[in-house]
Amino acid sequence: MPTNVTAEYLAAEEEYRNAKTIPEKIRALEKMYATVPKHKGTEKLRLQIKRKLAELRKELEKQRQMKKGGGGPSLSVRKEGAAQIVLAGLPNVGKSSLMKALTNVDADVADYAFTTVEPIPGMMHHRDVQIQLVEVPGLVEGAALGKGMGPQLLSVIRNADAIAIVVDLSQDPVKQLETLLKEFERAGIKLNKRRPRVEIKRTAMGGIVINGQENIKGDISEVMKMLREERIHSAEITVKEPVTLEDFADALDESLVWRRAIIIANKGDAPGSKENYEKLVEAYGDRFKIIPVSAKRKIQLDKLKDELYDLAGIIRVFTKSPGEEPAYPPVPLKKGSTVMDLAERIHKDFAKNFRYARVWGKSVKFPGQRVGADHVLEDGDIVEIHAR
């Protein structure tokens with residue numbers, strides 16, 4: 001152990017040694033990770049703590065599944081529309097009011113906590129597409145460690161395409177967000193980050209082969225140790241960008257999910273909301289897009305719909321037949337989709353017999369440009385598919 005750790009770290013380490021349950025151990029390890037100095041001398045220590053945390057979270061989830069035995073309570077919301085976005089926050093921050101204002105759902109609204117007791121889906125119609133919003137009941141501190149219905153609610157959040165975090169500007173929004181981010185981290189939900197570009201292909205034999213080893217910023221023996229712990233003994237690994245040891249650990253951890261997120265700062269008409277909004281922007285404005293609204297007075301809701309549409313990560317593509325006008329409604333696709341993705345969405349025969357396509361819109365240099373199956377489309381494009 002490095003000699004220059006803080007007194008706070010040593011206290012957390014003692015707490016970990018005395019911990020009896022998995023949640024107690026997780027809390028202590030989180031304190032250790034937060035207080036250990038961050039420099040090259042503590043790199044291995046930070047990695048060890050992070051790996052142990054991941055191991056304990058998996059063990060805790062396994063215990064829950066065994067305890068549930070398949071017959072316990074579970075929550076799930078079937079995905080519909082172009083994308084699914086969850087509204088998540090602490091109790092009584094105005095999620096139900098937002099759902100009522102944004103969708104076709106007649107949600108119960110009241111000035112007390114836990115008005116919503118199960119996830120409520122609703123459709124937001126915007127820019128010619130339907131986006132599914134799901135209001136999740138209020139999360140509380142300790143949710144990821146088993147408090148209340150926390151694990152089930154976080155499972156719904158993990159499964160969504162994106163997350164809109166709702167905070168209440170009439171209260172301290174920074175404190176609210178700190179609580180929520182801790183629970184998301186405990187649940188293995190990474191916000192506004194992407195999985196490190198490390199490709200792992202298991203092989204039947206040949207041992208470990210690492211392409212791009214120069215991109216690993218750390219002791220390669222630690223990498224080999226992580227691979228052994230994950231029971232990866234023969235694989236071809238390609239490291240496509242510079243990564244730290246902790247980045248490599250994240251790439252190995254299949255329990256992690258990576259989601260885009262924004263913050264909806266609700267109750268922007270409340271006393272003290274302006275000061276609280278500025279406080280929130282100062283603390284988290286560089287990591288999240290923050291949209292101040294008032295669901296009650298319907299302030300900034302059109303702006304919020306635009307932001308939710310962008311958060312969904314979709315594009316609208318119009319199709320047309322030769323000599324005809326574009327068909328309505330448009331086909332919603334994920335950003336980065338190709339002409340072949342569109343052809344497959346329309347009908348399998350279009351994909352099977354595809355010859356070429358003509359495209360009008362932002363993705364081409366001139367109207368009606370002839371393109372191939374791998375051409376990447378952009379929002380608002382008009383596509384005419386020609387098949388054999």
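Residues numbered from 1 in each chain as written. Predicted model: local features only at pLDDT ≥ 70, side-chain atom pairs only at ≥ 80, totals over all residues. Heavy atoms only, no water.

What about the overall build of the protein?
For the protein, the count of helices and strands is 12 helices and 17 strands. Of all 388 residues assigned to the protein, the portion counted as buried reaches 47%. Pairs at least 24 residues apart make up 68% of the contacts formed inside the protein by residues separated by at least 6 positions. Within the structure as shown, the protein displays about 20,200 Å² of accessible surface, and the carbon and sulfur contribution to it stands at 49%. Of the side-chain charges in the protein, 65 are positive and 56 negative, and the distance between the mean point of each set is 3 Å. (Helix = DSSP H or I, 4+ residues; strand = E, 2+ residues; numbered from the N terminus. Buried < 20%, exposed > 50% of the residue type's maximum accessible area, 1.4 Å probe, protein only. Contact = heavy atoms within 4.5 Å. Areas by Shrake-Rupley, 256 points an atom, 1.4 Å probe, with all protein chains shown as cover. Lys, Arg positive; Asp, Glu negative; His and termini not counted. Charge placed at Lys NZ, Arg CZ, Asp CG, Glu CD.)

So, the packing of aromatic side chains
Applying the stated criterion to the full structure yields 1 aromatic pair. Sitting over the ring of tyrosine 33, arginine 46 keeps its end group 4.4 Å from the ring centre. The ring of tyrosine 356 carries arginine 370 above its face, with NZ or CZ at 3.7 Å from the centroid. (Phe/Tyr/Trp six-rings, centres within 6.5 Å; stacked < 30°, edge-to-face > 60°. Lys NZ or Arg CZ within 6 Å of the ring centre and 35° of its normal.)

Quick word on the UniProt feature "domain: TGS" (unreviewed entry) in the protein
The UniProt record annotates "domain: TGS" (unreviewed entry) at residues 313–387. Segment residues 313–387 splits into 17% helix and 35% strand. End C-alpha atoms: 29 Å apart. (UniProt positions renumbered as here; feature names shortened; annotations may be inferred.)

Details of the domain arrangement of the protein
A common way to express how large an interface is: the accessible area buried when the components associate. Taken domain by domain, the protein holds domain 1 (7–68), domain 2 (83–192 + 260–312), domain 3 (198–250) and domain 4 (315–387). The gap between the C-alpha centroids of domain 3 and domain 4 is 39 Å. (Domains from an automatic or database assignment.)

Points about the sheet that holds strand E13 (residues 314–319)
By definition, the strands of a sheet pair up through backbone hydrogen bonds, in either a parallel or an antiparallel sense. Read from one edge to the other, the open sheet built from 5 strands follows the order E14-E13-E17-E15-E16, with strand pairing classed as mixed. Strand pairing shows two members of the sheet lacking a second neighbour, strand E14 (331–334) and strand E16 (369–371), which therefore form its edges. Neighbour to neighbour, the strand axes of the sheet diverge by 40° on average, direction disregarded. Examined bridge by bridge, E13 and strand E17 (residues 382–387) share 2 bridges and lie parallel to one another. Residue pairing for E17: threonine 319 is matched across the bridge by valine 383. (Pairing = 2+ DSSP bridges. Axes fitted to C-alpha atoms, helices over the stretch in contact; angles between N-to-C directions.)

Focus on the side chain of arginine 316
The topology assignment puts arginine 316 in strand E13. For arginine 316, a relative accessible area of 15% corresponds to the buried category. Here the side chain of arginine 316 touches tyrosine 309 through a polar contact of 3.3 Å, side chain to side chain. (Polar contact = N/O pair within 3.5 Å; in protein donor to acceptor, adjacent residues only side chain to side chain.)

A closer look at the UniProt feature "coiled-coil region" (unreviewed entry) in the protein
Mapped onto the present numbering, the UniProt feature "coiled-coil region" (unreviewed entry) falls on residues 39–66. Taken end to end, residues 39–66 is 86% helix and 0% strand, and its two terminal C-alpha atoms sit 40 Å from one another.

Let's talk about helix H10 (residues 301–312)
The terminal C-alpha atoms of H10, which comprises 12 residues, lie 16 Å apart, in line with the 16 Å expected from a rise of 1.5 Å per residue. Every buried residue belonging to H10 is among Leu301, Leu304, Lys305, Glu307, Leu308, Tyr309, Leu311 and Ala312, and all of these are buried. Trailing H10 by a residue or two, glycine 313 shows a phi angle of about 70°, which is positive. (Expected span 1.5 Å × (residues − 1).)

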